[in-house]
Each structure stands twice: as structure tokens, then as C-alpha cells.
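Report on the structure
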Amino acid sequence: MSEDMPMDLKALGDIESPEVVREALRRFRRRALRNGIWFLVAALLIGSWVVIGRSRVTLEERIQRALGVAPGAVYTVGNMTATLVRVADLGDVPDLGHRVGIHVLVVAQPRESAGSDTYTLVFQHEAGTLSVGTSTRLNARAFDHWIQIVVPADAKVPVDVYRECSGQACVPRQSTSIGTFTIDLRALGVPENIWR
Amino acid sequence: MELEDLFRALQRPVYAYFLRLVGNKPDAEELTQETFVRACSAALRFRGDSSVRTWIFGIARRVLLEASRAGLFDRPSELADRPSPAGDPDTRIDLERAFASLGVADREVLMLVDVLGFGPSEAAATVGVTPETLRVRLHRARTRLREVYVR
């Protein structure tokens with residue numbers, strides 16, 4: 001046997017093959033069908049998610065639609081005024097309690113400093129309270145604040161007000177507590193069936 | 001040519017490739033089938049840059065690599081125990097045993113070039129190396145087979 005000549009290995013390829021092509025094509029069709037179904041299910045899920053997302057009612061809409069009252073109380077902290085526009089009944093949450101929606105309109109009076117102020121309302125998370133909120137800025141000095149909370153038993157809702165000064169006149173940027181006001185739902189005459 | 005006819009024409013060499021590399025019929029059959037399933041999926045993407053045979057064996061090789069990662073080569077080989085239907089049985093069994101004792105990489109290049117008749121360039125494209133590298137590998141594989149067979 002010469003070193004340069006390859007051995008004759010053709011015999012190793014002399015093998016009878018079982019019939020696999022038909023089964024392979026069948027398997028391909030099954031797999032394609034299965035993948036198609038998965039694709040359809042995924043498309044349906046994504047589509048539903050988009051539709052649900054679009055049709056989801058915002059907190060603002062829920063507060064406006066729910067049974068409620070417009071106390072109109074005005075709270076002033078520093079140069080900021082907060083008007084209690086609406087208090088509405090948002091129903092019960094299992095294990096958490098009764099939710100109340102509150103709409104506050106915040107307006108800041110301009111200060112003499114050249115910086116611009118941003119105000120933040122923080123509804124205190126005391127025992128038994130839950131707050132989830134959104135804000136909609138109306139202009140440079142005013143914004144709507146929408147929040148849902150579980151009202152404490154005494155019907156008093158304390159709110160901390162923070163001011164953040166930004167702009168060249170107040171570098172470094174900082175957030176400062178400028179005071180607290182309390183929304184007393186009982187004193188404002190909000191019916192108990194709305195907040196309890 | 002219909003896809004099914006094309007596959008049928010390549011069924012035997014693909015099955016032989018797998019059988020000589022994995023060493024048992026059930027795995028070889030399964031891998032052959034999987035190769036053609038994937039070829040169906042990939043058929044629309046085949047642009048004709050290579051021959052159909054090179055394309056199919058490229059898929060076969062990827063199927064084999066995935067199976068080897070899943071522990072395919074840990075199973076015992078039945079290759080050398082197979083009796084020969086043709087030729088001199090003793091010589092063929094000796095050759096099969098010698099071949100089966102080689103490493104997978106050696107068996108692969110020998111299968112492609114010396115058994116299935118691929119040219120060095122086609123085999124190199126299938127294996128994913130340069131033709132020069134393939135020639136070196138082929139030379140070493142032939143040398144090793146000769147050593148084992150003579151012994």
C-alpha cells in the first residue's frame with residue numbers, strides 16, 4: 001500500500017438508507033403548523049395587550065367618572081396654592097380597603113429669584129394608606145395632581161409639599177420640604193360613603 | 001426537480017455520513033431526518049451560492065454539532081459489529097473497525113472526500129475551513145487510518 005495513495009473507502013458509503021425524506025417532510029409540516037400556531041397566539045397576545053393598553057382608563061378618567069364631590073378647599077404653603085378640585089369614590093381593593101381618588105390643582109406664584117420652581121405633593125404613607133398618583137403639567141406654574149389613596153380612619157390626609165429649584169439661580173439643584181397641609185375630609189363635609 | 005426528489009437523491013450519502021460518524025443507526029436516521037426538516041425550512045433562503053450537496057451537508061454538519069453538544073458521542077458505537085453485505089466480509093469489517101477507531105474529525109474528512117467523493121474545495125466549504133487546511137487534515141486522517149488498518 002503506497003503512502004501517497006488513499007485507501008479505497010468507497011465501500012464504507014455502500015449503505016442502504018432507510019426512508020426518511022417522507023417522514024422529514026411530514027415533520028416539517030407539523031413543525032411549520034406548530035410554529036404558525038405559536039406565531040398566531042403571540043400575535044393575538046400582543047394585539048390584545050395593545051388594545052387593552054389603549055382602552056385602559058387612566059386614574060384621571062376614573063376620578064372624573066366616579067361618584068364624588070368638589071370641595072373646592074384651597075391650601076396655601078409658601079408661594080404655592082393647592083385647590084382640592086374633586087374627591088371621588090374609587091371602590092374597594094381586596095386586603096387594602098376603600099380607595100378614594102383626589103384631584104388637586106397646584107399653582108405656584110412666581111418668586112423673585114431667577115430660577116424656576118417645581119413642586120411635588122407627597123401624600124404621606126401612614127399605616128393603612130396607599131397612594132398612587134400622576135401629574136399633568138398645565139403650564140410653567142400649574143399642574144394637576146391625581147392620586148388614589150386609602151383614607152385613614154380619622155379622614156385626615158396629610159400632604160407634604162416639596163419645592164425643587166432649578167435654573168442658574170439655584171445651583172446646585174435641590175429639593176426642599178416647604179411645609180405640610182392636611183385634607184380633612186370629614187371637616188370638608190365629604191360624605192362618609194365616599195371615603196370610608 | 002422537486003424538493004422531495006432532491007432530498008431523496010441525497011438521502012443515502014447523508015445517512016452514510018451520519019452513520020459513519022455517530023456509529024449507530026437510530027441516531028443516524030434521526031439526524032438525517034432532522035437535516036431534511038431543516039433543509040425544508042431553509043430552502044427559500046438557499047441562493048445557489050454553493051452546490052445543493054454542499055448546502056445540505058452544511059446543514060447536516062450543524063445538526064451533528066448540536067447533537068454532539070447534547071452528548072450524542074457518549075453513546076456506544078455499533079458500527080464495527082455490522083456484517084458486510086458485499087465484497088470481502090473480513091476485509092470490510094477490518095476496514096470499518098479501523099475507520100470507527102479514528103477520531104470524529106478524521107472520519108469526517110475521510111467520509112466527505114474518500115467515501116462520498118467531495119472535491120477538496122467542496123469538502124472545505126462544508127467543514128468551514130480553507131482548502132489548504134482541509135488537505136492537511138485529510139493527509140493526517142489518511143495516515144492514521146493506514147496505521148490503524150495495517151496494525
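Parameters at a glance
- Residues numbered from 1 in each chain as written.
- Chains lettered and ligands numbered in written order.
- Predicted model: local features only at pLDDT ≥ 70, side-chain atom pairs only at ≥ 80, totals over all residues.
- Helix = DSSP H or I, 4+ residues; strand = E, 2+ residues; numbered from the N terminus.
- Buried ≥ 20, exposed ≤ 12 C-beta atoms within 10 Å, placed from the backbone.
- Contact = placed C-beta atoms within 7 Å.
- Expected span 1.5 Å × (residues − 1).
- Nonpolar A, V, L, I, M, F, W, Y, C, P; charged D, E, K, R; others polar.
- Pairing = 2+ DSSP bridges.
- Bend = angle between axes of the 7 residues up to and from the residue.
- Core = buried A, V, L, I, M, F, W, Y, C linked by C-beta atoms within 7 Å.
- pLDDT = per-residue confidence, 0-100.

The secondary structure content of chain B amounts to seven helices and zero strands. Secondary structure of chain B in N-to-C order comes out as α-α-α-α-α-α-α. Counting across all 151 residues of chain B, residues that qualify as buried make up 38%. Excluding contacts between residues fewer than 6 apart, the proportion of contacts in chain B whose partners are at least 24 apart in sequence is 61%.

So, about the overall build of chain A. For chain A, the count of helices and strands is three helices and nine strands. Listed N to C, the secondary structure of chain A is α-α-β-β-β-β-β-β-β-β-β-α in terms of helices and strands.

On to helix H3 (residues 52-69) of chain B. Residue and element names in this part refer to chain B. Helix length check: H3 (18 residues) gives 26 Å between terminal C-alpha atoms against 26 Å at 1.5 Å per residue, within 8%. Within H3, the full set of buried residues consists of Trp-55, Ile-56, Phe-57, Ile-59, Ala-60, Val-63 and Leu-64. Each element contacted by the buried residues of H3 is listed here: helix H1 (3-22), helix H2 (25-42) and helix H6 (120-127). Remark: Gly-71 follows H3 within two positions and exhibits a positive phi of approximately 95°.

Listed by partner, the interface residues are 20 residues for chain A and 31 residues for chain B. Residue composition of the side of chain A that touches chain B, grouped by class: 13 nonpolar, two polar and five charged.

So, on to the pairing of strand S2 (residues 74-77) of chain A. Residue and element names in this part refer to chain A. The sheet contact formed by S2 and strand S3 (residues 80-93) spans four bridges and is antiparallel. Bridge pairing links Val-74 to Thr-83 in S3. Hairpin connection of S2 to S3: two residues between the antiparallel strands, including Gly-78 at a positive phi of 60°.

Turning our attention to the environment of Asp-94 of chain B. Summarising the element assignment, Asp-94 of chain B is placed in helix H4 (residues 89-100). In sequence terms Asp-94 of chain B and Tyr-149 of chain B are 55 residues apart; their C-alpha atoms lie 7.1 Å from each other.

To continue, consider H1 of chain B. Residue and element names in this part refer to chain B. Along its 20 residues, H1 runs 26 Å from first to last C-alpha, staying within 8% of the 28 Å computed at 1.5 Å per residue. Its maximal kink placed at Gln-11, H1 deviates by approximately 45°, while the proline Pro-13 follows within four residues. Positioned one or two residues after H1, Gly-23 has a phi angle of 85°, which is positive.

Residue and element names in this part refer to chain A. Relative to S3, strand S1 (residues 68-69) runs antiparallel, the two sharing two bridges. Bridging from a neighbouring strand, Val-69 pairs with Val-87 of S3. For S3 and strand S4 (residues 97-108), the ladder comprises twelve bridges, and the chain directions are antiparallel. In the strand pairing of S4, Thr-81 is matched with Val-107.

Now for the nonpolar core. Soluble globular proteins tend to bury their nonpolar side chains together. If you look at the biggest cluster of nonpolar residues, it comprises 43 residues, and the most contacted ones within it are Tyr-17, Phe-18, Ile-56, Ala-60 and Val-109 of chain B. Elements that contribute at least two residues to this core include exactly helix H1 (21-55) of chain A together with H1, H2, H3, H4, helix H5 (104-115), H6 and helix H7 (131-150) of chain B. Take this core: its biggest share by element is ten residues, from H1 of chain B. Apart from residues lying up to four places away in sequence, Ala-60 of chain B is in contact with Val-14, Tyr-17, Phe-18 and Thr-35 of chain B. Judged by nonpolar contacts, the second largest core, of 25 residues, contains Val-100, Val-104, Tyr-119 and Leu-121 of chain A.

With that settled, consider the confidence of the model for chain A. The predicted model of chain A has a mean per-residue pLDDT of 82, with 84% of residues at 70 or higher. Ranking the elements of chain A by mean pLDDT puts strand S6 (residues 131-137) of chain A last with 67 and S1 of chain A first with 94.

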